[in-house]
Amino acid sequence: MIERTFVMIKPDGVKRGLIGEVIKRFEQAGLKIVGLKMYRMDKEEADEFYPADDEWFESVGNKTLSSYNELGIDAKKELGTDNPKEIGKMIKQWLLDYVSSGPVILMVLEGNHAIKKVRDMIGSTIPIKAQPGTIRGDFSVDSADWANIGKRAIMNIVHASDSQERAEYEIKFWFKENELYNYKRLEEYLL
Ligand code: UDP
Ligand code: MG
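These figures come from a predicted structure and were not determined experimentally.

Quick question: what am I supposed to make of the overall build of the protein chain here?
When you go through the protein chain residue by residue, the secondary structure sums to 10 helices and 4 strands. Across the protein chain, helices and strands are ordered from the amino to the carboxyl terminus as β-α-α-β-α-α-α-α-β-α-α-α-β-α. Expected size for 191 residues packed as a compact globule is a radius of gyration near 16 Å; at 17 Å, the protein chain falls within 12% of this value. With respect to the principal axes defined by its C-alpha atoms, the protein chain has extents near 60 × 35 × 30 Å. A burial count over the protein chain gives 48% of its 191 residues as buried.

So what exactly am I meant to see when it comes to the site of ligand 1 here?
Within the structure, ligand 1 sits among 14 residues, and Lys-63, Thr-64, Thr-125, Ile-154 and Asn-156 are positioned closest to it. One of the side-chain N or O atoms of Thr-64 is found 2.7 Å from an oxygen atom in ligand 1. In isolation ligand 1 offers 500 Å² of accessible surface; the protein chains occlude 97% of this area. If you list the elements that add at least two residues to the shell around ligand 1, you get α4 (54-71) and α6 (84-99). Among the residues making up the shell around ligand 1, the classes are represented as 7 nonpolar, 3 polar and 4 charged.

Please explain the packing of aromatic side chains as it appears in this structure.
For any pair of aromatic rings, geometry is given as the distance between the ring centres together with the angle between the planes. Tallied over the entire structure, the rule returns 9 aromatic pairs. Centre to centre, the rings of Phe-6 and Phe-49 are 5.7 Å apart; their planes meet at 70°, and the pair counts as edge-to-face. Note that Phe-6 is positioned in strand β1 (residues 2-9) and Phe-49 in helix α3 (residues 43-49), a separation of 43 residues in sequence. Overall, the relative accessible area of 0% leaves Phe-6 in the buried class. Between the aromatic rings of Phe-173 and Trp-174, the centroid separation amounts to 4.7 Å while the plane-to-plane angle is 80°, which identifies the pairing as edge-to-face.

In this structure, what is going on with the pairing of strand β3 (residues 104-112)? I would like to understand it.
Looking along a regular strand, one sees side chains alternate from face to face of the sheet. Counting buried positions along β3 yields 8 of 9 residues, so the element is predominantly enclosed. Pairing geometry for β1 and β3, over 8 bridges, is antiparallel. Counterpart to Arg-4 in the pairing with β3 is Glu-110. Pairing analysis gives 7 bridges linking strand β2 (residues 32-39) to β3, with the strands arranged antiparallel. Looking at the pairing, Lys-37 lines up with Leu-106 of β3.

Help me out: how do you make sense of the sheet that holds β3 in this one?
Whenever strands of a sheet pair, they do so through backbone hydrogen bonds, lying parallel or antiparallel. Ordered in space as β2-β3-β1-β4, the 4 strands form an open sheet in which the pairing is antiparallel. Strands at the two margins of the open sheet, each flanked by one partner only, are β2 and β4 (158-160). Between one strand axis and the next, the sheet turns by 20° as a mean value, whatever way the strands run. The sheet contacts of helix α7 (residues 114-122) involve β1, β3 and β4, and relative to β1 the element is tilted by about 35°. Across the sheet, helix α10 (residues 164-174) touches β1, β2, β3 and β4, and the angle it forms with β1 is around 60°.

Honestly, the pattern of salt bridges in this entry has me stumped. Any pointers?
Pairing between side chains becomes possible if they bear opposite charge and their charged atoms approach one another. This model, assessed by the stated rule, comprises 15 salt bridges. Between Lys-37 and Glu-179 there is a salt bridge, with the nearest N and O atoms lying 2.9 Å from each other. Taken as a pair, Lys-37 in strand β2 and Glu-179 in the segment after α10 lie far apart in primary sequence, 142 residues in all. Assessed through its relative accessible area of 22%, Lys-37 is described here as partly exposed. The class of Glu-179 is partly exposed, set by a relative accessible area of 23%. Salt-bridge contacts for Glu-187 lead to Arg-185; the nearest nitrogen and oxygen are separated by 2.8 Å.

How do you make sense of the side chain of Arg-136 when you look at a structure like this?
Along the chain, Arg-136 turns up in helix α8 (residues 135-139). One buried charged side chain, Arg-136, makes no salt bridge at all; its nearest oppositely charged neighbour is Asp-12, positioned 8.2 Å away.

Cut-off values and rules
- Residues numbered from 1 in each chain as written.
- Chains lettered and ligands numbered in written order.
- Predicted model: local features only at pLDDT ≥ 70, side-chain atom pairs only at ≥ 80, totals over all residues.
- Heavy atoms only, no water.
- Helix = DSSP H or I, 4+ residues; strand = E, 2+ residues; numbered from the N terminus.
- Rg over C-alpha atoms; globule rule 2.2 N^0.38 Å.
- Buried < 20%, exposed > 50% of the residue type's maximum accessible area, 1.4 Å probe, protein only.
- Near = heavy atom within 4 Å.
- Polar contact = N/O pair within 3.5 Å; in protein donor to acceptor, adjacent residues only side chain to side chain.
- Areas by Shrake-Rupley, 256 points an atom, 1.4 Å probe, with all protein chains shown as cover.
- Nonpolar A, V, L, I, M, F, W, Y, C, P; charged D, E, K, R; others polar.
- Phe/Tyr/Trp six-rings, centres within 6.5 Å; stacked < 30°, edge-to-face > 60°.
- Pairing = 2+ DSSP bridges.
- Axes fitted to C-alpha atoms, helices over the stretch in contact; angles between N-to-C directions.
- Contact = heavy atoms within 4.5 Å.
- Salt bridge = Lys/Arg side-chain N within 4 Å of Asp/Glu carboxyl O.
- Lys, Arg positive; Asp, Glu negative; His and termini not counted.

Here it is as structure tokens:
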């Protein structure tokens, strides 16, 4: 099950000097870096990169709604709506501002079940819910209520593809064929 997946170190990860730390974790887990670059995207590119289907908007909105539920916060009062799709659309706009606010690191990682492995390594979307040991859990403390009050997206250091389909789209979106490299890690010679 050798897969390729796409990872982005978001502007907060770059600005906090965590590029090396994040890459180190993937490298030492045995994931092979097959593409890597720094880039500053604009809002239009970010908009094309992130999904725009109702299912995704709802899933994003529901992350805020379940946090609000746990905290006893009234979504309608706070955000003007309690419709997950509408909240998801609002959050996407904040997300576009966030990921275009500074340079990011774009990379493609290859390895056994890489898509799930990397998702497990980054941890839950909402940093205060991300387990210690995960990248988001170890390096960030943001939450939905805090971010939404500031009308901004949750800052959580990294992005990673969440499915085979998204991985293919995301890799193709940011990397040309000749920017991806085939080589063996040293331990592969021993197999
Ligand atoms: N996001 C947010 N508030 C939310 C849900 C998501 O600000 O309630 C932001 C956050 O930066 C997240 C990104 O939108 O990383 C994409 O959301 P998704 O549900 O795809 O989470 P991920 O796949 O990054 O864990
Ligand atoms: Mg996602």
